[in-house]
Amino acid sequence: MAQLSPTSRRARLRFILTTLLFLLAPPLGAQSAELPPAVTRALQDAGIPLRSTAIVVQGVDAEPALIRHNAMQAMNPASTMKLVTTYAALELLGPAYTWKTEALTDTLPHNGQPIGHLYLRGSGDPRLALEQFWLLLRQLRARGVTDIAGDLILDRSAFALPAYNPAEFDNEPLRPYNAGPDALLVNLKSLRLTLRPDSAKHAVGVIVETPSDDLRIDNRLLLSADACGDWREQIKTRVNVESIELTGNFSASCGDKALNLSPWSADVQVERLFRALWRELGGTLRGKVREGVTPANAQVLAVQESPALGEVVREINKFSNNVMARQVFLTLDGDRPATAEGARRRLKGWLADKRLKLPELAIDNGSGLSRSERISADGLSQLLLSAWKSPVMPELMSSLPLAGIDGTLKKRLGNSAAAGRAHLKTGYLDGVRAIAGYVLDSNDQRWVVVFLINDPKSRNGKPAMDALLRWVAER
């Protein structure tokens, strides 16, 4: 064999080493890239350790992830859990699914004679708002019902729910987001007041926007010259039997502000609203309002149908409505009465059918307003990748807030490359911050992005999340 020159031997050695390195190296993309420097700097500035975060960035049409950081770690997802509930609902129920609220009686109206009892039977409609409830009562008047001699009976038998304490989560029982699910949920169990500063009189006016029978507002609010800031925290509310007392300061610089409250039990709330609207329509109710079950021989007088599920999902995700999400979650249970456990079983069966393996998934109420719900960044990314290939993808994507445009992202990322190109669900609880969805980059490639933070300082995590979203959008 011919003797190789030193130069040839070195060249052959380099070739062999290069070949070995190529053969031993993992496939391109198998190892995730490091986090972008802007993200790590923002986390450091916020005092949030990397171990408290979980991140996945993956192309919708690419197998290996670009970034996987703590991807399998079970995390509290806050309101990004609504992605699980709404995607499952769109596939299991269909975007055109609707709920029906019925008004029934045991005695049909005849020649202006009063009817006996009036039954309102709910099916879990998440969107029986003030306008829809008025339309239902208007139907009754159009069908000749004027005088109700018996009782108004509220039928909630479509759901079987344990006793609910609205103060349990954060000791804020008057906040509408803490209202519990209800088969006969009317106007999201809320009352809307408008606070209006009057500098000329150095006073604060209160307008009751939601009709409520015999409600009295005890207005003790003081007008201040302070900055508006977190005006809601400056107001104290106390609910009495016949009145709502408002105390504290309200800044003149705030302008008109809506104060939404959930001050009463469900029966009392429906009674006050019904009596006020029914009286405006010229009707009378002689009996009382109570909970009960509609008898089998009752006859339907009127039916109010909800908007389609596709529209309901849009409102849930755009504005992160917890109560509506819980209504949809319970509706997943195909049996009646529906239970949370039944909804969990059906949802997990759906995941199994789709071959989505999320062993860390823990579902409480499907809204994310929970301390026990868990999912990983990998689990959310699997879900979003599956949704991208689903027939209901257009409905789910269009329901997500659009960066810098609407929903919970209206005032976020507006001056960045992500503006108008990122459809993302946000989530926020004390100790939790999250964002998950789709980002379209500068080359029109779409990416699934999931960023979860579970840390006492998570409230400071928004700059890091925004840095990641800008980095993906600018690729």
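The shown structure was predicted, so the numbers you read here are calculated from the model rather than taken from an experiment. (Residues numbered from 1 in each chain as written. Predicted model: local features only at pLDDT ≥ 70, side-chain atom pairs only at ≥ 80, totals over all residues. Heavy atoms only, no water.)

### Let's talk about helix α6 (residues 309-319)
Residues of α6 that are buried include every one of Leu 309, Val 312, Val 313, Ile 316, Asn 317 and Lys 318, and no others. Residues of α6 that are buried make contact with α3 (82-92), α7 (322-331), α10 (393-399) and β16 (422-429). Of the residues trailing α6, Ser 320 is marked for its positive phi of about 50 degrees. (Buried < 20%, exposed > 50% of the residue type's maximum accessible area, 1.4 Å probe, protein only. Helix = DSSP H or I, 4+ residues; strand = E, 2+ residues; numbered from the N terminus. Contact = heavy atoms within 4.5 Å.)

### Examining helix α2 (residues 37-46)
Among all positions in α2, only Val 39, Ala 42, Leu 43 and Ala 46 are buried. Seen end-on, α2 carries its buried residues on one side only, within an arc spanning 100 degrees. Turned more than 90 degrees off the buried face of α2, the exposed positions are Pro 37, Gln 44 and Asp 45. If you follow the buried residues of α2, they end up packed against β1 (53-59), β18 (446-454) and α11 (462-473). Positive phi shows up at Gly 47, right after α2, with a value of about 75 degrees. (Arc of directions from axis to C-beta.)

### Observations regarding the pattern of salt bridges
Per the stated rule, a full pass over the model turns up 23 salt bridges. A salt bridge links Glu 91 to Lys 354, with the nearest nitrogen and oxygen atoms 3.1 Å apart. Here the residue Glu 91 occupies a position in helix α3, and Lys 354 occupies one in the loop between α8 (340-353) and α9 (377-388), the gap between them amounting to 263 residues. (Salt bridge = Lys/Arg side-chain N within 4 Å of Asp/Glu carboxyl O.)

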